[in-house]
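Observations on the model geometry
Listed here are the chains, written in short residue letters.
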Amino acid sequence: APVGSKRKGADEQAAPRRVPLGIQEVDNGAILGFSAELSEDHPGFHDAAYKQRRVNICNLARSHRIGEPIPHISYTAEEVAVWGSALTRLEHLFQQHACKEFQRSWPLFDLRPDAVPQLEDLSQVLQGTTGFRIRPVAGLLHPRDFLNGLAFRTFHSTQYMRHSSKPDYTPEPDVIHEVIGHLPMLADPSFASLAHAIGVASLAADEEQLKHLVKLYWYTVEFGVVREGSDVKAFGAGILSSYGELQHMAAGGAEVAPLDVWQPLPKISYKDGYQKRYFALESFEAGAVELQAYCASLQAGLTDEVRRCGARQLRASPG
Ligand code: NLE
Ligand code: FE2
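The structure displayed is predicted, hence computed values, not measured ones.

Definitions and cut-offs
Residues numbered from 1 in each chain as written. Chains lettered and ligands numbered in written order. Predicted model: local features only at pLDDT ≥ 70, side-chain atom pairs only at ≥ 80, totals over all residues. Heavy atoms only, no water. Near = heavy atom within 4 Å. Polar contact = N/O pair within 3.5 Å; in protein donor to acceptor, adjacent residues only side chain to side chain. Areas by Shrake-Rupley, 256 points an atom, 1.4 Å probe, with all protein chains shown as cover. 1 Å grid on protein atoms, 1.4 Å probe; cavity = no way out; pocket = protein on both sides within 12 Å on 5 of 7 lines; lining within 4 Å. Sits in = over half its atoms within 2 Å of the grid points. Nonpolar A, V, L, I, M, F, W, Y, C, P; charged D, E, K, R; others polar. Points joined across faces, edges and corners; volume = space filled by probe spheres on them. Helix = DSSP H or I, 4+ residues; strand = E, 2+ residues; numbered from the N terminus.

The local shell around ligand 1 consists of Arg 162, Tyr 169, Thr 170, Pro 171, Glu 172, Pro 173, His 177, Gly 238, Ser 241 and Ser 242. In the environment of ligand 1, an oxygen atom lies 2.7 Å from a nitrogen or oxygen atom belonging to the side chain of Arg 162. A distance of 2.7 Å separates a nitrogen atom of ligand 1 from a polar atom in the backbone of Thr 170. Across the complex, the protein chains shield 97% of the 300 Å² of accessible surface that ligand 1 would expose by itself. With respect to the pocket detection grid, ligand 1 is positioned in the largest cavity. Residues of the shell around ligand 1, tallied by class, amount to 3 nonpolar, 5 polar and 2 charged.

Moving on to empty space enclosed by the protein. Counted according to the given criterion, the structure contains 2 cavities of 30 Å³ or more. Taken as a whole, the largest cavity holds about 510 Å³ of empty space. Around the largest cavity sit 36 residues that line it, and Leu 140, Pro 173, Trp 218, Glu 222 and Tyr 270 are the ones nearest its centre. Considering each element in turn, the lining of the largest cavity owes the most residues, 4 residues, to helix 9 (residues 207-222). Residue composition of the lining of the largest cavity, by class: 18 nonpolar, 12 polar and 6 charged. Here the second largest cavity defines a volume of roughly 30 Å³. Lining the second largest cavity we find Leu 150, Phe 155, His 182, Leu 186, Phe 191, Ala 195, Tyr 217 and Val 221. At the level of elements, helix 7 (175-186), helix 8 (189-204) and helix 9 are the ones that each hand at least two residues to the lining of the second largest cavity.

What is shown is where atoms sit, not what they do.
Here's what the structure looks like:
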């Protein structure tokens, strides 16, 4: 599981970690999973054409260099059909179950069921809203590299399509997840500054802090929900990109617990299907203040002890 890497102990002391000073210095080659090498339980494992397609698209991402346009992908009719049906089915649920920030940004991208949008075009739209840009990537990045990207307002995004036999849910990131789930939130200014703060915090984080930061990212940006009056709405991309997960959430299929950014969070799993518990922000604004406070505590390089004692003050004056 990509939840931070093992502590390197003495080795790490001998060779201090190099903090990237720009996006060019963020490695986008350390793919931990969900790249072109499909495992036996992947729905596309016995589909040779699908596997070849994944290899081709992943290779394009690997050869991309910062500053070049993102490679154009000519999606097949089958891929367009998967995209179109996912988009149509999800859109019906958004009005009732997506948070207001998501709904506000949604029309900016003008997503249509008859064509899979190109990341280059979407990146341009995004840059015009919050300054975030997209960088193509072959699969699931090492979490430190992924979060580091956010510090430079760069969102690493896959370009391949999920397998057509399982359109409603996939454990892996794919173009549906990135575009429908993540981009509308990244176009929201307060969400974007939160994502940026998580990124900056990741530059400062040691291995233990990074593990917690990755969990915070997972239980907010990927699977977060937010209270709006007496309702619970989704803002996490993993919920908003999966028709199955969104229905599960809307039907009250999982427990909803308040998020306390200073407390330990459950282990992340890509293997257990829908989430059993969602963490809720009291409001988007209040949650952002808490998360920013946690991020600021890493940036200030505080020890755990000082961080716990200082939690109140940090809440009162987020950096
Ligand atoms: N389960 C999500 C989906 O089907 O779109 C993807 C989650 C990626 C972390
Ligand atoms: Fe994601």
